[in-house]
Amino acid sequence: MINVTELRPGNYFEEDGNMYQVLDILLNKTAMRKMIAKVKVKNVRSGAISELSRNSGYMIETIRLDKRSMQYIYDNGDSLVFMDQETYEQIEIPKSRLEWEMQFLKGDEIVDIASYNGEILSVVLPAKVALQITECEPAVRGDTVTSARKDAVCETGIRIRVPLFINNGETVLVRTDTGEYDGRA
């Protein structure tokens, strides 16, 4: 148990049967009042983002998630199959729980699987992934005043906006938190 003011981004805690990940925390102290912690959290099971306000002194039960490195093998129709590299144990995660993550997964990619007490919670992606451009519009010279962008489709099907100099077949880095272009690979 820790005080709510000791939470930091990336911490996990359990409250009222829900598991939360701390995204951001703001501590507000005014004269003659207790400090108030406004904690921006993500519900680990549902993915919903909300804000909780708690007074200083409120105790929270922190938890530690188990992370295992696993390889994405294939799409099984309604679920994705991952395999542990050491034990060759395979697990299936329903696609409905991985809608965002599926946009960045390619075959044979190594990712971390987060679980708590045997319950699989999420797939932890790297900050950036390298994806190949399969479709993009040709650039037209002279159309720009500032940094113009065009639509492109990557090998996994995600649609992103890229600079005009990017062409079909090039590999680009895409941020997994926002789904935006980050540079050439």
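Up top is the structure.
Attention in this report is confined to the structure presented alongside it. The written sequence of each chain sets the order in which its residues are numbered from 1. For this predicted model, a pLDDT threshold of at least 70 governs which residues receive local features, and a threshold of 80 or more governs which side-chain atom pairs are given and counted, while totals over whole chains, interfaces and linings are taken from all residues. Heavy atoms from the whole structure form the basis of all side-chain values; hydrogens and water molecules are not counted.

## Points about the pairing of strand E15 (residues 171-175)
Thought 1: Alternating residues of E15 divide into Val172 and Val174, all buried, and Thr171, Leu173 and Arg175, none buried.
Thought 2: In this structure, strand E12 (residues 128-136) lies alongside E15, joined through 5 bridges in antiparallel fashion. Within the sheet, the bridge partner assigned to Lys128 lies in E15 and is Arg175.
Thought 3: Strands are treated as partners if at least two bridges between them are detected by DSSP. Only DSSP runs of H or I reaching four residues or more are called helices, and only runs of E reaching two or more are called strands; each is numbered from the N terminus. In this structure, E15 lies alongside strand E16 (residues 181-184), joined through 3 bridges in antiparallel fashion. Counterpart to Val174 in the pairing with E16 is Tyr181.
Thought 4: Counting the residues between successive antiparallel strands, the hairpin from E15 to E16 contains 5 residues, one of them, Gly179, with a positive phi of roughly 75°. Three exposure classes are used, based on accessible area relative to the maximum for each residue type with a 1.4 Å probe and protein chains only: buried under 20%, partly exposed in between, and exposed over 50%.

## A few points about the packing of aromatic side chains
Thought 1: Each Phe, Tyr or Trp ring (for Trp, its six-membered ring) is paired with any other whose centre lies within 6.5 Å, and the angle between the two planes then decides the class: stacked below 30 degrees, edge-to-face above 60, tilted in between. For the structure on display, the rule yields 3 aromatic pairs.
Thought 2: Taken together, a centroid distance of 5.6 Å and an interplanar angle of 50° make the contact between Tyr72 and Phe82 tilted. Remark: Phe82 occurs in strand E8 (residues 79-84) and Tyr72 occurs in strand E7 (residues 66-75); sequence separation between them is 10 residues. Neither Tyr72 nor Phe82 differs from the other in exposure class; each is buried.

## Remarks on the sheet that holds E15
In a beta sheet, neighbouring strands are held together by backbone hydrogen bonds and run either parallel or antiparallel to one another.
Thought 1: The sheet built from 5 strands is open, its strands ordered E14-E13-E12-E15-E16 with antiparallel pairing. Bordering the open sheet on either side are strand E14 (159-163) and E16, each of which pairs with just one other strand. If you compare each strand with its neighbour and ignore which way they point, the axes differ by 55° on average.
Thought 2: Bridge count for E12 against strand E13 (residues 149-154) is 3 bridges, and the pairing is antiparallel. Looking at the pairing, Glu135 lines up with Val153 of E13. Helix axes use the C-alpha atoms of the stretch in contact, all axes being lines fitted to C-alpha atoms, and the angles between their N-to-C directions lie in the range 0 to 180 degrees.

## Side note on the sheet that holds E8
Thought 1: Spatially, E9-E8-E7-E10-E11 is the arrangement adopted by the 5 strands of the open sheet, whose pairing is antiparallel. Among the strands making up the open sheet, the edge pair consists of strand E9 (90-94) and strand E11 (119-124). The sheet shows a mean angle of 45° between the axes of neighbouring strands, direction not considered.
Thought 2: For E7 and E8, the ladder comprises 5 bridges, and the chain directions are antiparallel. Following the sheet pairing, Gln71 is matched in E8 by Met83.

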